[in-house]
Amino acid sequence: QVNLVESGGGLVQPGGSLRLACAASGRIFSIYPMGWYRQAPGKQRELVASITSTGSTNYADSVKGRFTISRGDAKNTVNLQMNSLKPEDTAIYYCYLDQTVTTGLKYWGQGTQVTVSA
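Conventions used here
- Residues numbered from 1 in each chain as written.
- Predicted model: local features only at pLDDT ≥ 70, side-chain atom pairs only at ≥ 80, totals over all residues.
- Heavy atoms only, no water.
- Helix = DSSP H or I, 4+ residues; strand = E, 2+ residues; numbered from the N terminus.
- Rg over C-alpha atoms; globule rule 2.2 N^0.38 Å.
- Buried < 20%, exposed > 50% of the residue type's maximum accessible area, 1.4 Å probe, protein only.
- Contact = heavy atoms within 4.5 Å.
- Areas by Shrake-Rupley, 256 points an atom, 1.4 Å probe, with all protein chains shown as cover.
- Lys, Arg positive; Asp, Glu negative; His and termini not counted.
- Charge placed at Lys NZ, Arg CZ, Asp CG, Glu CD.
- Polar contact = N/O pair within 3.5 Å; in protein donor to acceptor, adjacent residues only side chain to side chain.
- Pairing = 2+ DSSP bridges.
- Axes fitted to C-alpha atoms, helices over the stretch in contact; angles between N-to-C directions.

Novice: Help me out: how do you make sense of the overall build of the protein chain in this one?
Specialist: The helix and strand inventory of the protein chain stands at zero helices and 11 strands. Listed N to C, the secondary structure of the protein chain is β-β-β-β-β-β-β-β-β-β-β in terms of helices and strands. Taken against the 2.2 N^0.38 rule, which gives 13 Å for 118 residues, the C-alpha radius of gyration of the protein chain at 14 Å falls within 12% of a compact globule. Dimensions of the protein chain, computed from the C-alpha atoms along their principal axes, are close to 45 × 25 × 20 Å. Counting all 118 residues of the protein chain, 42% fall into the buried class. For the protein chain, the proportion of contacts with a sequence separation of at least 24, taken over those separated by at least 6, is 54%. Only carbon and sulfur atoms are counted for the fraction: they give 50% of the accessible area of the protein chain, which is about 6200 Å². Considering the protein chain, the positive charge centre built from 11 side chains and the negative charge centre built from 7 side chains are found 4 Å apart.

Take a look at the structure:
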């Protein structure tokens, strides 16, 4: 079993910044792809950013140049630095760890609310 715990969400004004963090724990014996999805009210969940086990990154077009995903110092931790936030970034952000290659499973965090509003 793998558990993911997210932190760092909150309320911020447009143009502000937030940093999300996600830490995975449990039966993890390697470094796995991780990333962040988000879901706004009435919308489908969308991929925001991802990072492979070797450090390659991928971003949604809507956040390129504003968000940065990175690995933390501990194994299987990931951060999302969000700058120049816009009201349309308001959503619940979910961290995931992709273990499909070895176990066929993808694990999710509980979600953290990000609200961008004046």
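Now, onward.
Novice: Mind showing me how you'd approach the side chain of Asn-76 here?
Specialist: Assignment of secondary structure puts Asn-76 in the loop between strand 7 (67–71) and strand 8 (77–82). Here the side chain of Asn-76 touches Tyr-32 through a polar contact of 3.1 Å, landing on its backbone nitrogen.

Novice: Hey, could you run me through the sheet that holds strand 7 in this one?
Specialist: Backbone-to-backbone hydrogen bonds join strands into a sheet, with any given pair of strands oriented parallel or antiparallel. What the four strands build is an open sheet, ordered 1-3-8-7; its pairing is antiparallel. Two strands bound the open sheet, and with one partner strand each, they are strand 1 (2–7) and strand 7. Direction aside, neighbouring strands of the sheet carry axes that sit 15° apart on average. Inspection of the sheet shows strand 1 paired to strand 3 (residues 18–26) by six bridges, in the antiparallel sense.

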